[in-house]
Protein chains: 6
Amino acid sequence: MRLLLINPNTTTSMTEKAAVAARAVAATGTEIIAATSRMGPPSIEGYYDGALAVPGLLSELKEQRASGYDAAIISCFDDTGLEAARAFSDVPVLGLCESAVVTAGFLAQRFTIVTTLERSRVLIDNLVRHYGMGGRAKVRASDIAVLELEDGAPEAIGKLRAEIERALDEDGAEAIVLGCAGMADLTRELQEIYGVPVIDGVAAAVKQAEALVSLGLTTSKRSSYAAPLPKSFTGTMSDFSPV
Amino acid sequence: MRLLLINPNTTTSMTEKAAVAARAVAATGTEIIAATSRMGPPSIEGYYDGALAVPGLLSELKEQRASGYDAAIISCFDDTGLEAARAFSDVPVLGLCESAVVTAGFLAQRFTIVTTLERSRVLIDNLVRHYGMGGRAKVRASDIAVLELEDGAPEAIGKLRAEIERALDEDGAEAIVLGCAGMADLTRELQEIYGVPVIDGVAAAVKQAEALVSLGLTTSKRSSYAAPLPKSFTGTMSDFSPV
Amino acid sequence: MRLLLINPNTTTSMTEKAAVAARAVAATGTEIIAATSRMGPPSIEGYYDGALAVPGLLSELKEQRASGYDAAIISCFDDTGLEAARAFSDVPVLGLCESAVVTAGFLAQRFTIVTTLERSRVLIDNLVRHYGMGGRAKVRASDIAVLELEDGAPEAIGKLRAEIERALDEDGAEAIVLGCAGMADLTRELQEIYGVPVIDGVAAAVKQAEALVSLGLTTSKRSSYAAPLPKSFTGTMSDFSPV
Amino acid sequence: MRLLLINPNTTTSMTEKAAVAARAVAATGTEIIAATSRMGPPSIEGYYDGALAVPGLLSELKEQRASGYDAAIISCFDDTGLEAARAFSDVPVLGLCESAVVTAGFLAQRFTIVTTLERSRVLIDNLVRHYGMGGRAKVRASDIAVLELEDGAPEAIGKLRAEIERALDEDGAEAIVLGCAGMADLTRELQEIYGVPVIDGVAAAVKQAEALVSLGLTTSKRSSYAAPLPKSFTGTMSDFSPV
Amino acid sequence: MRLLLINPNTTTSMTEKAAVAARAVAATGTEIIAATSRMGPPSIEGYYDGALAVPGLLSELKEQRASGYDAAIISCFDDTGLEAARAFSDVPVLGLCESAVVTAGFLAQRFTIVTTLERSRVLIDNLVRHYGMGGRAKVRASDIAVLELEDGAPEAIGKLRAEIERALDEDGAEAIVLGCAGMADLTRELQEIYGVPVIDGVAAAVKQAEALVSLGLTTSKRSSYAAPLPKSFTGTMSDFSPV
Amino acid sequence: MRLLLINPNTTTSMTEKAAVAARAVAATGTEIIAATSRMGPPSIEGYYDGALAVPGLLSELKEQRASGYDAAIISCFDDTGLEAARAFSDVPVLGLCESAVVTAGFLAQRFTIVTTLERSRVLIDNLVRHYGMGGRAKVRASDIAVLELEDGAPEAIGKLRAEIERALDEDGAEAIVLGCAGMADLTRELQEIYGVPVIDGVAAAVKQAEALVSLGLTTSKRSSYAAPLPKSFTGTMSDFSPV
């Protein structure tokens, strides 16, 4: 089985970190093909970055078809472009947020997602409500920029831990979901420290992808995710750097 | 006051039709600047088209800055790119669906939205739920392709009317919302025939834009819609025609 | 265009303050006709006051018909008698709460309403839920009596500001809605201080009324807001027979 | 124990019918004091009638204090003025809709309320949602005017039965709630015919009133239902000053 | 009228305390038959205990049939086995949580339930949501083991009072529900101290049972609570003590 | 990896059918240990059967510990005893309904569950709402008794197919979930006939169990699913055959 892990931002070091997390949990016989978007922002922080990451994501989904992947994982906790990718693709497509909250739902009645910047907090809260988990999950921001996590900086980890501790104390959280692909390498350590399940979206999505492929299931093509109608698109994308 | 009406698809005849609807309701002193996206699909039908229309939309929002617009309206009932545009822009940004359902909510306790293809029905239903109107509004598809509406074809109008009649009979609809920018020219006639309020999103959005501008209000830049962080984007957009 | 601004309490100084706020935002060509209820309580604080303000409100709506108003605004944040007025009237009727939360919804994902007394807090929270904004808006009371606001007393403003600061800190509010018609004159100042959108219901309702009138839309008379059936009312309260 | 049964419309024959239903289920030792509003509409059909029935209702609640009632029941399925009455009164106040849906909730997972005119259907549906039963109860209108029920007309009963049959067939209703005080006399017969619980609001409210009184419980005076603040009411409507 | 009060745990002192509370509020002519489960855990704290208390409960419901009870009350705030008992029984069956929250709903817009251990908090919160009161009621745990309450220990009462005070201060609670059958004897005292309605589930359930019986209503046997189909059960229950 | 598949009813032929379905999808290296409850009803149809199946289920979970299973699957679509089992067990426990609706949620925006008897329809609908999928999934009963499915009877399959066709036509279902463990063998055939994803709970649960085990995750022992407190249980279970 081949799973395409696409990082929808253009930072290859994040792709590599996610690929390590994916390969660490992949079943024997599952190959992880890691790909990085070649168009768009170097990190996804908020709605603007997210929207402009989608063409690069879809382009990569198309490019990588030659590799014969059996399912695709969008390696960003905002589930960037997930619905468009499902409409586009013939194989199952998974997002980190949806995979992680579903996984947490099997383990805990109430849980908290700790994400990076405040600008992503409500965005993720809206996703979680859309997935039907709004009454069970709380979202917290830890005031860490996505790329800070690349450095393994102790300050970033300190902020993350402080927010997890607030989740346990104030929210009555029974499990913790790490709300950024860049936190994947901290999962095991945090689970040991806090003694509750700590769920990483990359790992969760790999297992959901394996599940769907091995069940012979793929996205319904009836109605919502019907294949795009044939039409001629116009133009080439210009530079969207906000500055 | 200058309102930018951006059609996020690339079909200029749709832009023109929407501009006519916008100008018909604009207040004295409101100038409608009509713009058409120069990148992306010729019509937006479903998640794939919608996602790929966003870069062209944002690009046009940026390009048209020189025109000094005071607010922008995204002329598509799917509210394509609305949240990204709000994060990007310093002025208010309105979508047709949100504007129309809010307007209907002042006039009726229960109403029905009639859209085009089945593939857009659940997408719009999800939007409506997100806007808090899920308990009051039902969404129906009338099996008309967006561009069919361009022709003023009697067959398309017949399908639309049949679905409105079902909404009145079966849903107990007290008002009707037209769920596609391409239906704007039919509003008055349908309202006369059926004797209930018929709301067109283009007209509704023009009035909401005028309202916000004249109140001196603009999108909050605290948290969710904070301005995009400065970062370097990569790449140029390739061709996304699905075939 | 003539908009009837009815204060459903009997305090004319509050009417005047609201009229100033209304005229400050009214479009050129919009005339604000300010009217004060001649029956009922001098301020509306809780369910009892609210219910007993309705006959005076409906009576005034009827009396003022001679003025030829095109839409009516009920100048109280509790949306007192809104549904009865919509059933009674042939023209659009707007409430402050509904207008304000809808306006806030275009500008912010999450916002907080700051009202006067604790006894109005849950009442407004129930309204907000009914309008579909329960998941996005929080309501706070600032422990100010409605008529205290008439005096421009610094103590009242201090309490209001303290509560706004709590909303920003604790609720993650991206915008603030002022939950009492008597706060209208503070809008601009508070917006400057806090740097987030501050929405006043009087101003918001004026723009919604202008929008509906200029769109040629009025309340649906199908089902919920059907005109009252002709029947003889009894009692000394003055005649409320709808015909 | 004395229970005040107030009919908020001015039709004494409806009061009498409801009093018969109330006395039929009252416990030994419970006295039913039946009172009819002396101000307002002869029947309550929709929001306008309902709002204008409230002053007469509150006036009667005050007048009857001399009778020493221990709880009050508002004998209308729209729960007209319920919240204002709770704020006004020192004793428990019950409405028919809230009492009936609560009772049905102990007996069935899903049930249907059959009311009179279409104009009351959404009004009651909104009440039911407010009481938290929106996911369990459906509301249907049977196209009967309230006063038609006074005549025991077979045509009205035929329409009611037809709608109950649709509820059983199409809604999977496990119980039926009669959505008008004027249907109280049909309860037993309909229950026998259809073999499912049939709940009348008058009877349900009598038992809830007895329950609260015998438990020594009354409406909380903290926050929402705090006693009206002392203030001078204005106008010819009669004096509603709460003190 | 005979009401069967079944304690689904095996601790007879708890049965006796609940029976005292039940008899204190029972109407003249209502006989309380107190029964204690003869199988299962000595107290119900969490899902495991609850599930294993059900056979003993159903067995006792069956055994006590000879006593000719007219309704049954399951004397545990977790509403243990309530739905199974309703399917099994021909007479109405009441639970403490459902009865108490419904009663609170007649008295207050917002209220707080104070239960025993943290492990029961979310369990009760889920019940409350299922009963439609999730938006109105908050659940708090006071960190008291069920059997601690048996001793009338001042420490347990101190913890309970501290949590009630937090509910009043932080939740804006307008009423308090005691979330354990073992707290029934504290109701009156707490109500006097705090001046808000304090609702005990045992008392509330007695009145709901009396109400249903005197109205001649019983559980619908259509669909959800249809009588169990005749089938042969296998086996005898082993020891489930978790250690 | 060893997965315990426990059939909570006592019919071994159903266990075998489910075991075949489980083994058909299990990963290489996953051993399915099939076990049948030795206490309780031969099929689970409604709340009564479900509640009385739990002790047998928990007993079997305990008995099979010696086998060293890594996760357990409760092989009944009602998710019988799921929460008690999670509290009891140290390893992950999966239910068919939760696993299946989560799986469907990755593939379709809207889907329909087709179950057996009407008495199970609302029970499953309540589960689905609890899992947050109430707005996306509809539940239909096909009027088939559970054990009818054992015979491979064409009549039962005809009823099931008729209901699936109604789901596609009337509900706009984009996928179908088979709402009974006894339907597992029909999955592939139905998917081929209808061209939409058809999801079987047994297969879905196997993959979720494999996912959790391979991720090193297990049920949170904080709060809701904390291990049962040590206490002495009383009694032996008698015969609960309802006749």
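Each value, and the rule that gives it
Residues numbered from 1 in each chain as written. Chains lettered and ligands numbered in written order. Predicted model: local features only at pLDDT ≥ 70, side-chain atom pairs only at ≥ 80, totals over all residues. Heavy atoms only, no water. Helix = DSSP H or I, 4+ residues; strand = E, 2+ residues; numbered from the N terminus. Rg over C-alpha atoms; globule rule 2.2 N^0.38 Å. Buried < 20%, exposed > 50% of the residue type's maximum accessible area, 1.4 Å probe, protein only. Pairing = 2+ DSSP bridges. Right-handed = clockwise from strand over helix to strand, strands pointing away. Salt bridge = Lys/Arg side-chain N within 4 Å of Asp/Glu carboxyl O. Axes fitted to C-alpha atoms, helices over the stretch in contact; angles between N-to-C directions. Contact = heavy atoms within 4.5 Å. Least-squares fit on C-alpha atoms with pLDDT ≥ 70 in both. Polar contact = N/O pair within 3.5 Å; in protein donor to acceptor, adjacent residues only side chain to side chain. Buried area = accessible area lost by both parts, 1.4 Å probe. Domains from an automatic or database assignment. Parallel < 35°, antiparallel > 145°, perpendicular 65-115°, else oblique. Left-handed = near helix turned anticlockwise from the far one by under 90°. Expected span 1.5 Å × (residues − 1). Bend = angle between axes of the 7 residues up to and from the residue.

Peer 1: I keep staring at the overall build of chain A and nothing clicks. Help me out?
Peer 2: Within chain A one finds eight helices and eight strands. Taking 243 residues into account, the globule formula puts the C-alpha radius of gyration at 18 Å, and chain A, at 17 Å, falls close to it. Seen through its principal axes, chain A has C-alpha atoms that stretch 55 × 45 × 30 Å. Here chain A, with 243 residues, has 70% of them falling under the buried criterion.

Peer 1: Whenever I open this one, the pairing of strand β2 (residues 31–36) of chain B confuses me. Can you help?
Peer 2: The side chains of a regular strand alternate between both faces of the sheet. Residues and elements named next belong to chain B. Note that strand β1 (residues 2–7) and β2 share six bridges and pair parallel. For Leu5, the partnering residue across the bridge sits in β2 and is Ala34. Crossover β1 to β2 through helix α1 (residues 12–25) is right-handed.

Peer 1: Help me out: how do you make sense of the pattern of salt bridges in this one?
Peer 2: When charged atoms on two side chains of opposite charge get close, those side chains can pair. If you walk through the whole model with that rule in mind, you get 90 salt bridges over all chains. A single network of salt bridges, built from pairs that share partners, joins Arg140(A), Glu163(A), Arg166(A), Glu170(A) and Asp171(A).

Peer 1: Hey, could you run me through the sheet that holds β2(B) in this one?
Peer 2: Strands belonging to one sheet form pairs held by backbone hydrogen bonds; the direction of such a pair is parallel or antiparallel. Residue and element names in this part refer to chain B. Spatial strand order, β2-β1-β3-β4: four strands in an open sheet with parallel pairing. Both edges of this open sheet fall to β2 and β4 (93–95), since each of them pairs with a single strand only. For this sheet the average axis-to-axis angle between neighbouring strands, irrespective of direction, equals 25 degrees. In terms of strand pairing, β1 meets strand β3 (residues 71–74) through four bridges, oriented parallel. Bridge pairing links Leu3 to Ala71 in β3. Of the strands in this sheet, β1, β2 and β3 touch helix α2 (residues 47–63), which is tilted by about 155 degrees from β1.

Peer 1: Sorry, what's going on with the relation of the copies chain A and chain B here?
Peer 2: After a rotation of 180 degrees and a shift along the axis of 0.0 Å, chain A superposes on chain B with an RMSD of 0.0 Å. The superposition of one copy onto the other is thereby described by a two-fold rotation axis. Comparing interface residues between copies, 100% of those in chain A also lie at the interface in chain B; the contact surface is shared.

Peer 1: Please explain the side chain of Thr36(D) as it appears in this structure.
Peer 2: Residues and elements named next belong to chain D. On the secondary structure map, Thr36 appears in strand β2 (residues 31–36). On the accessibility criterion, Thr36 (16% relative accessible area) is buried. A polar atom in the side chain of Thr36 sits 2.7 Å from the side chain of Thr15. Setting aside residues up to four positions removed in sequence, Thr36 forms contacts with Asn7, Asn9, Thr10, Thr11, Thr12, Thr15 and Glu60.

Peer 1: What is the right way to read the relation of the copies chain F and chain A from this model?
Peer 2: Both copies of the chain are placed relative to one another by a rotation about an axis and a shift along it. With an RMSD of 0.0 Å, chain F superimposes on chain A once it is rotated by 180 degrees and translated 0.0 Å along the axis. Of the residues that chain F buries at the interface, 100% are likewise interface residues in chain A, meaning the two copies contact each other through the same surface.

Peer 1: How do you make sense of the interface of chain F and chain A when you look at a structure like this?
Peer 2: When the parts come together, some accessible area is lost, and that loss is often what is quoted as the size of the interface. Each side of the interface is counted separately: chain F has 43 residues, and chain A has 43 residues. It is Phe106(F), Leu107(F) and Arg222(F) that lose the most area in chain F upon contact with chain A, and together they represent 22% of the buried surface on that side. The tally of links between chain F and chain A comes to zero salt bridges. In this assembly, chain F and chain A are joined by 19 residue pairs in polar contact (both at pLDDT 80 or more). Here the element with the most residues in the side of chain F that touches chain A is helix α8 (residues 201–214) of chain F; it accounts for seven residues.

Peer 1: Explain the domain arrangement of chain A to me, please; I cannot follow it from the model alone.
Peer 2: Residues and elements named next belong to chain A. Taken domain by domain, chain A comprises domain 1 (1–94 + 201–238) and domain 2 (95–199). In this structure, domain 1 and domain 2 have C-alpha centres spaced 21 Å apart. Taken together, the 28 residues of domain 1 in the interface contact 32 residues of domain 2. Both sides of the domain 1 and domain 2 interface together cover about 2,300 Å² of buried area, and 61% of this is carbon and sulfur. Per-residue buried area on domain 1 facing domain 2 is highest for Lys17, Glu45 and Phe77; these three make up 34% of the total on that side. At the surface where domain 1 touches domain 2, the tally comes to two salt bridges. A salt bridge links Lys17 to Asp185; its shortest N-O distance comes to 3.7 Å.

Peer 1: Could you clarify how one ought to interpret the packing of α1(B) against helix α8 (residues 201–214) of chain B in this entry?
Peer 2: Angle between the axes and distance between the axes: these two values describe a pair of packed helices. Residues and elements named next belong to chain B. Look at α1 against α8: their axes get within 9 Å of each other, and the N-to-C directions meet at 50 degrees. Regarding the angle of α1 to α8, the classification is oblique. Of the two possible hands of crossing, α1 and α8 adopt the one that is right-handed. Residues Ala18, Ala21, Ala22 and Val25 of α1 pack against Val202, Ala203, Val206 and Lys207 of α8.

Peer 1: Can you help me understand helix α2 (residues 47–63) of chain A in this one?
Peer 2: In an α-helix, one turn spans 3.6 residues; hence positions three or four apart end up facing the same way. Residues and elements named next belong to chain A. The terminal C-alpha atoms of α2 lie 25 Å apart, and with 17 residues this matches the ideal 24 Å at 1.5 Å per residue to within 8%. If you look at α2, its biggest bend is around 30 degrees, right at Val54, and the proline Pro55 turns up within four residues after that. The buried fraction of α2 amounts to 15 of the 17 residues, a majority that puts the element mostly inside the structure.

Peer 1: I'm lost on the side chain of Glu210(E) in this one. Help?
Peer 2: All names here are of chain E. The residue Glu210 is located in helix α8 (residues 201–214) in this model. Taking relative accessible area as the criterion, Glu210 reaches 8% and is therefore assigned buried. Within the structure, the side chain of Glu210 is placed 2.7 Å from the backbone nitrogen of Ala27, a separation counted as a polar contact. Here the side chain of Glu210 touches Lys207 through a polar contact of 2.8 Å, side chain to side chain. Once residues lying within four places of it in the same chain are set aside, the contact partners of Glu210 are Met1, Leu3, Ala26, Ala27 and Thr30.

Peer 1: Could you clarify how one ought to interpret the interface of chain A and chain B in this entry?
Peer 2: With 49 residues of chain A in contact, the opposing surface of chain B contributes 49 residues. Of the roughly 4,600 Å² buried between chain A and chain B on both sides combined, carbon and sulfur atoms contribute 63%. Of all residues in chain A, Arg119(A), Lys231(A) and Phe233(A) bury the most surface against chain B, accounting for 17% of the area lost on that side. Linking chain A with chain B are four salt bridges, by the criterion used here.

Peer 1: What's the story with the sheet that holds strand β1 (residues 2–7) of chain E in this structure? I'm lost.
Peer 2: Residue and element names in this part refer to chain E. An order of β2-β1-β3-β4 is seen for the four strands of this open sheet, with the pairing classed as parallel. The open sheet is flanked by β2 (31–36) and β4 (93–95), the only strands paired with a single partner. Recorded for the sheet is a direction-independent mean angle of 25 degrees between the axes of neighbouring strands. Note that strand β3 (residues 71–74) and β4 share three bridges and pair parallel. Bridged to Ile74 within β4 is Gly95. Contacts between helix α4 (residues 96–105) and the sheet are confined to β3 and β4, with β4 contributing the most and set at about 70 degrees to the helix.

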